[in-house]
Amino acid sequence: METVFDLQQLREKVRQWRREGLTIALVPTMGNLHAGHISLLERAREIADRTVVSIFVNPIQFGRGEDYERYPSTLEADSEKLSAAGLHLLFAPNLGQLYPGGMEDDTRVTVPQLSNILCGAFRPGHFSGVATVVTKLFINVAPDKALFGEKDYQQLLVIRRLTADLCFPIEIIGMPIIREADGLAMSSRNGYLSEEERSRAPLINQSLRSAAEALKAGGAITDIEREHTDKLAAAGFRPEYFSIRRLDDLALPGPADKRFAILVAAWLGSARLIDNIHVDLGG
Ligand code: PAF
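Conventions adopted
Residues numbered from 1 in each chain as written. Predicted model: local features only at pLDDT ≥ 70, side-chain atom pairs only at ≥ 80, totals over all residues. Heavy atoms only, no water. Helix = DSSP H or I, 4+ residues; strand = E, 2+ residues; numbered from the N terminus. Rg over C-alpha atoms; globule rule 2.2 N^0.38 Å. Buried < 20%, exposed > 50% of the residue type's maximum accessible area, 1.4 Å probe, protein only. Areas by Shrake-Rupley, 256 points an atom, 1.4 Å probe, with all protein chains shown as cover. Lys, Arg positive; Asp, Glu negative; His and termini not counted. Charge placed at Lys NZ, Arg CZ, Asp CG, Glu CD. Phe/Tyr/Trp six-rings, centres within 6.5 Å; stacked < 30°, edge-to-face > 60°. Lys NZ or Arg CZ within 6 Å of the ring centre and 35° of its normal. Near = heavy atom within 4 Å. Polar contact = N/O pair within 3.5 Å; in protein donor to acceptor, adjacent residues only side chain to side chain. 1 Å grid on protein atoms, 1.4 Å probe; cavity = no way out; pocket = protein on both sides within 12 Å on 5 of 7 lines; lining within 4 Å. Points joined across faces, edges and corners; volume = space filled by probe spheres on them. Nonpolar A, V, L, I, M, F, W, Y, C, P; charged D, E, K, R; others polar. Pairing = 2+ DSSP bridges. Axes fitted to C-alpha atoms, helices over the stretch in contact; angles between N-to-C directions.

With that out of the way, let us pick up the overall build of the protein. Counting secondary structure elements, the protein contains 11 helices and 9 strands. In terms of C-alpha radius of gyration, the protein reaches 19 Å, essentially the compact-globule figure of 19 Å for 283 residues. In terms of its C-alpha atoms, the protein occupies a principal-axis envelope of roughly 55 × 40 × 40 Å. Here the protein holds 283 residues, and the buried ones make up 51% of them. Counting only carbon and sulfur atoms, one obtains 50% of the accessible surface of the protein, whose full area is about 13100 Å². One finds the centroid of the 32 positive side-chain charges in the protein at a distance of 3 Å from the centroid of its 37 negative side-chain charges.

This brings us to the packing of aromatic side chains. Summed over all chains, the structure comprises 6 aromatic pairs. Both rings, one in F138 and one in F168, keep their centres 5.4 Å apart while their planes meet at 85 degrees; by these two values the pair is edge-to-face. In this pair, F138 is assigned in helix α7 (residues 126–141) and F168 in the loop between α8 (153–165) and β6 (171–175), connecting sequence segments 30 residues apart. Judged by relative accessible area, which is 1%, F138 ranks as buried. Following the ring pairs from residue to residue traces out a cluster consisting of F62, Y68 and Y71. Against the face of Y192 rests R70, its NZ or CZ located 3.7 Å from the ring centre.

A few words now on the site of the ligand. Taken together, the residues surrounding the ligand are P28, T29, M30, N58, Q61, V130, V133, F148 and Q155. Between the ligand and Q61, the relevant distance is 2.6 Å, taken from an oxygen atom to a side-chain nitrogen or oxygen of the residue. Interatomic distance of 2.7 Å between a side-chain N/O atom of Q155 and an oxygen atom of the ligand. Considered on its own, the ligand offers 280 Å² of accessible surface; in the complex 89% of this is hidden by protein.

Here we take up the environment of V141. Within the secondary structure layout, V141 lies in helix α7. Linking V141 and L26, residues 115 residues apart in sequence, is a C-alpha distance of 7.5 Å.

What follows is about the layout of surface pockets. Within this model, the largest pocket holds a volume of roughly 300 Å³. In terms of lining, the largest pocket is formed by P59, I60, F62, G63, R64, G65, E66, Y68, L95, M103, E104 and R108. Taken together, the residues that form the lining of the largest pocket break down as 6 nonpolar, 2 polar and 4 charged. For the second largest pocket, the calculated volume is near 250 Å³. Considering the residues around the second largest pocket, the lining is formed by 16 residues, among which I55, F56, V57, S73 and P93 are closest to the centre.

Here we come to empty space enclosed by the protein. Scanning the model with the defined rule gives 2 cavities of 30 Å³ or more in all. If you go around the largest cavity, you meet 48 residues; those closest to its centre are M30, H37, K151, D152 and Q155. Of all the elements in the fold, those that place two or more residues in the lining of the largest cavity are β2 (24–29), α2 (35–47), α7, β5 (145–149), α8, β8 (259–268) and β9 (271–280). In terms of residues, the lining of the largest cavity owes the most to one element, α7, which gives 6 residues. A per-class count over the lining of the largest cavity returns 25 nonpolar, 16 polar and 7 charged. Of the voids in this model, the second largest cavity is the one considered here, and its volume is about 50 Å³. A breakdown of the residues in the lining of the second largest cavity according to their chemical character gives 5 nonpolar, 2 polar and 2 charged.

As a further point, take the sheet that holds β5. One open sheet holds the 6 strands; their spatial order is β1-β4-β3-β2-β5-β6, and the pairing between them is parallel. The outermost strands of the open sheet, each flanked by one partner alone, are β1 (2–4) and β6. Across the sheet, the axes of successive neighbouring strands diverge by a mean angle of 25 degrees, strand direction being ignored. Alignment of β1 against strand β4 (residues 89–91), held across 3 bridges, turns out to be parallel. Pairing of E2 across the sheet is with L89, part of β4.

Laid out in structure tokens, this is it:
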């Protein structure tokens, strides 16, 4: 595995692969890698000749008071995992590489349609931060395919939309959520949980599965949302939303809709946990 730290080296490597007629897959990450990230890399290796993983904790997608300062930085351990998993190229830029003009009044990419609901309503500017950094990566890696986890389902849809709107010739691939044995979705932020909180955290996924059953049984959407929000709150979570949406665009469902995403964001202690599942009533 080769590691590059600046855009110039990255572009040279990618140009060389292109000259050789090789296809490229990109897996953008913020590091602190777990089995979910490695599953993206493994899939990337199956579908492209060369894989690039980026590790960059992107400041502009964190709001004031969020966890940017304490977001775990584990480059050495991450490099070992990526090398063992057969990665070709690790791109680990510093701030100056991706924000050469600083982060005040710099150019931003926004995806208005999806960015102000659900997570976007609680994290203003978050999706613009994600869209901006992903655009920079897309331009400089110019991959054929890019892979993202479905745990951040809203992010995945934002990236699909920006790819379509900005005419990037990149196939966006969403990959299934990888879970711990007790159902908790793997996340770098799970490390913020105390032992006691960790033992309660699987309730997030249990509540989604219970809501899915209620939806299949014909329950009313608003009742299911309220009941599961209340249950999480009673168990000591601080829910931001528990919401049943249309799968394809996260709009509020209408009577004709059959495919849904059930999405939740809730705080437990100092960890903000998100998860989602999909329900198809189409038979
Ligand atoms: O999902 C993440 O880890 C980040 O939001 C991403 C896509 C790497 C952009 O910083």
